[in-house]
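Residues per chain, in single letters:
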Number of protein chains: 2
Amino acid sequence: MGNIRIAVPRGAEAGDGERLGLGVLSSLLGFRFRRIQNHLARGLVSIPDLAANRPGLLSSLAIISANPGVSQVMLAREAGLDKATLVMIIDDLEHAGLARRKRDTDDRRRNLLFTTPKGEKMLEQWIALARGNEAKVRACLTPAEFDQLSEMLDRIYDSCFGAVEG
Amino acid sequence: MGNIRIAVPRGAEAGDGERLGLGVLSSLLGFRFRRIQNHLARGLVSIPDLAANRPGLLSSLAIISANPGVSQVMLAREAGLDKATLVMIIDDLEHAGLARRKRDTDDRRRNLLFTTPKGEKMLEQWIALARGNEAKVRACLTPAEFDQLSEMLDRIYDSCFGAVEG
DNA sequence: TATTGTTATACTCTATAACTATA
DNA sequence: TATAGTTATAGAGTATAACAATA
């Protein structure tokens, strides 16, 4: 279970190779997500040659591409962002000519979102770069494990946060 | 593979129940981590009845508890934080009487970290609360899946970020 | 009255680099 | 010269609430 490993630095420079135990933390997932994401995010910062580079920019473009005509609230929900944050992201995408808003004629409160050809092209390049950034991570997993991990993460998100209820 | 689902809002209020496709995003893990963590973090904000409540506070306390005498850099590496951030966390823990620094007599640059009895007590309560916050997530997984997911996440972190090399 | 999108503001978190003391 | 810890600061990210337009 715990497999707690006491690391008492006794002159021995244990530090480098030693792995610390997680103790009671083993029963939590939240910290595992955070510490991975903390490191992964750093590598992603320098990916695109675009002015602004907010987190969620690439995700949003990809989801718009996969769901042409999606509304902003639906996109926000699927991307795990709030609607206020998304406004700035769509602004950036629109100013860069990668996506565009189109007022819904049926429900004039809504904006329908679409990618541009330029956006599609850029999306391909970004995805390739992002994949490169995750190459080390994928190298730790077999293809079957990757699929399994993806499936579990999607299930968690859809069940817990993707639903209408907050 | 992609199973892309076009969601064209045609008067039909598809919005609520519909699930959007992820398209090319399916090949990435980073966004999956982020969107889950974005939501999970919100629930954790209101957990402890302590003054400051930085992310990483609970994780740090738990790791200290499982590894008495750990140094700050080792802890920072294991928790996925940088050493500057950790200083503030340890300050908070020390001021709250939950942990304490002890100068290493062998290498006087280092601080050895220990929990206090009060810290141990608080840790138990926090872990219980944090587990409650993750209850929904665990409900999505079988016990076997939970272990499998934990193992994969730990492997990813250790292989990619836990090593000495950055 | 509820929802979509928007804006502005304040707050939190993080990254960086410089500094000390020890080694 | 390198490492452990500290500090200060600027910048990035996020949450909040109020608002207009539409339903």
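Bear in mind that the values here come from a model prediction, so they are computed numbers and not experimental data. (Residues numbered from 1 in each chain as written. Chains lettered and ligands numbered in written order. Predicted model: local features only at pLDDT ≥ 70, side-chain atom pairs only at ≥ 80, totals over all residues. Heavy atoms only, no water.)

Visitor: Could you give an account of the state of the cysteines, naming the residues involved and the relevant values?
Guide: Here the structure, examined in full by the defined rule, presents 0 disulfides over all chains. Of the cysteine sulfurs around Cys140(B), a residue in no disulfide, the closest is that of Cys160(A), at 3.8 Å. (Disulfide = S-S within 2.5 Å.)

Visitor: How would you summarise the pairing of strand β2 (residues 111–115) of chain B if you had to cite specific residues and measurements?
Guide: Residue and element names in this part refer to chain B. Buried residues dominate β2, accounting for 5 of its 5 residues. Of the two faces of β2, the one carrying Asn-111, Leu-113 and Thr-115 and the one carrying Leu-112 and Phe-114 are both buried. Where strand β1 (residues 99–103) meets β2, 5 bridges bridge the pair, whose relative direction is antiparallel. Bridged to Ala-99 within β2 is Thr-115. (Buried < 20%, exposed > 50% of the residue type's maximum accessible area, 1.4 Å probe, protein only. Helix = DSSP H or I, 4+ residues; strand = E, 2+ residues; numbered from the N terminus. Pairing = 2+ DSSP bridges.)

Visitor: So what about the interface of chain B and chain A? Which residues, and what values?
Guide: Across the boundary between the two partners, chain B contributes 83 residues, which contact 82 residues of chain A. Taking both sides of the interface into account, the surface hidden between chain B and chain A amounts to around 8100 Å²; carbon and sulfur atoms contribute 62%. Here chain B is connected to chain A by 8 salt bridges. Scanning the region where chain B abuts chain A turns up 25 residue pairs in polar contact (both at pLDDT 80 or more). At the level of elements, α1 (30–44), α2 (57–66), α3 (72–79), α5 (117–133), α6 (135–139) and α7 (143–162) of chain B are the ones that each hand at least two residues to the side of chain B that touches chain A. Counted by class, the side of chain B that touches chain A contains 42 nonpolar, 18 polar and 23 charged residues. (Contact = heavy atoms within 4.5 Å. Buried area = accessible area lost by both parts, 1.4 Å probe. Salt bridge = Lys/Arg side-chain N within 4 Å of Asp/Glu carboxyl O. Polar contact = N/O pair within 3.5 Å; in protein donor to acceptor, adjacent residues only side chain to side chain. Nonpolar A, V, L, I, M, F, W, Y, C, P; charged D, E, K, R; others polar.)

Visitor: Outline the protein's contact with DNA strand D, supporting the account with residue identities and numerical values.
Guide: Inspection of the region around DNA strand D gives 19 residues, with Arg108(A), Gln72(B), Val73(B), Arg101(B) and Asn111(B) positioned closest. Sugar and phosphate atoms form 73% of the subset of DNA strand D atoms that lie within 4 Å of the protein. Val73(B) is positioned such that a nitrogen or oxygen atom in its backbone is 2.8 Å from a phosphate oxygen of DNA strand D. Breaking the surface near DNA strand D down by element, the ones donating at least two residues are α1, α3 and α4 (83–95) of chain B. Broken down by element, the surface near DNA strand D gets its largest block of residues, 3 residues, from α4(B). (Near = heavy atom within 4 Å.)

Visitor: Outline the relation of the copies chain B and chain A, supporting the account with residue identities and numerical values.
Guide: Of the transformation superimposing chain B on chain A, the axial component is 0.0 Å and the angular component is 180°, with the fit at an RMSD of 0.1 Å. The operation mapping one copy onto its partner corresponds to a two-fold rotation axis. Residue Phe33(B), judged by its C-alpha, is the member of chain B lying nearest the rotation axis, at 3.0 Å. Most of the interface of chain B is mirrored in chain A, where 99% of its interface residues again form contacts. (Least-squares fit on C-alpha atoms with pLDDT ≥ 70 in both.)

Visitor: Any chance you could break down the environment of Leu22(B) for me, citing the residues and the numbers?
Guide: Summarising the element assignment, Leu22(B) is placed in the segment before α1. For the pair Leu22(B) and Glu78(B), spaced 56 residues apart in sequence, the C-alpha to C-alpha distance is 32 Å. Filtering out sequence-adjacent residues up to four positions away, Leu22(B) remains in contact with Ala62(A), Ile63(A), Ala66(A), Glu78(A), Asp154(A), Phe31(B), Arg32(B) and Arg35(B).

Visitor: Explain the packing of helix α2 (residues 57–66) of chain A against helix α3 (residues 72–79) of chain A to me, and be specific about the residues and the numbers.
Guide: Residue and element names in this part refer to chain A. At a minimum axis separation of 10 Å, α2 and α3 run at an interaxial angle of 120°. Considering the angle they form, α2 stands oblique to α3. Relative to α3, the crossing made by α2 is right-handed. Here Ser-60, Ile-63 and Ile-64 of α2 come into contact with α3, specifically with Leu-75, Glu-78 and Ala-79. Considering only residue class, the contact of α2 with α3 consists of 4 nonpolar, 1 polar and 1 charged. (Axes fitted to C-alpha atoms, helices over the stretch in contact; angles between N-to-C directions. Parallel < 35°, antiparallel > 145°, perpendicular 65-115°, else oblique. Left-handed = near helix turned anticlockwise from the far one by under 90°.)

Visitor: Can you tell me about the protein's contact with DNA strand C, naming the residues and giving the values?
Guide: Taken together, 20 residues lie near DNA strand C, and Gln72(A), Val73(A), Asn111(A), Arg108(B) and Arg109(B) sit nearest. Each atom of DNA strand C within 4 Å of the protein was assigned to sugar, phosphate or base; sugar and phosphate come to 72%. Residue Lys83(A) places a side-chain N or O atom 3.3 Å away from a base nitrogen belonging to DNA strand C. The contact in question runs from a phosphate oxygen of DNA strand C to an N or O atom on the backbone of Asn111(A), over 2.8 Å.

Visitor: Describe in detail the packing of aromatic side chains, supporting the description with residues and values.
Guide: Tallied over the full model, the rule gives 3 aromatic pairs over all chains. Ring centres 6.1 Å apart and planes at 40° place the aromatic pair Phe33(A) and Phe33(B) in the tilted group. Here Phe33(B) lies in helix α1 and Phe33(A) lies in helix α1 (residues 30–44), a pairing that spans two chains. Exposure remark for Phe33(A): the relative accessible area of 0% places this residue in the buried category. Lying across the ring of Tyr157(B), Arg35(A) places its NZ or CZ 4.0 Å from the centre. (Phe/Tyr/Trp six-rings, centres within 6.5 Å; stacked < 30°, edge-to-face > 60°. Lys NZ or Arg CZ within 6 Å of the ring centre and 35° of its normal.)

Visitor: Could you give an account of the domain arrangement of chain A, naming the residues involved and the relevant values?
Guide: All names here are of chain A. Taken as a whole, chain A is organised into domain 1 (1–44) and domain 2 (53–162). Counting residues at the interface gives 4 residues for domain 1, matched by 6 residues for domain 2. Buried area between domain 1 and domain 2, both sides added, is near 410 Å², and the carbon and sulfur share of it is 69%. Summed over the shared surface of domain 1 and domain 2, the result is 0 salt bridges. Run the count over domain 1 and domain 2 and you get 0 residue pairs in polar contact (both at pLDDT 80 or more). A class-by-class count of the residues in the side of domain 1 that touches domain 2 yields 3 nonpolar, 1 polar and no charged. (Domains from an automatic or database assignment.)

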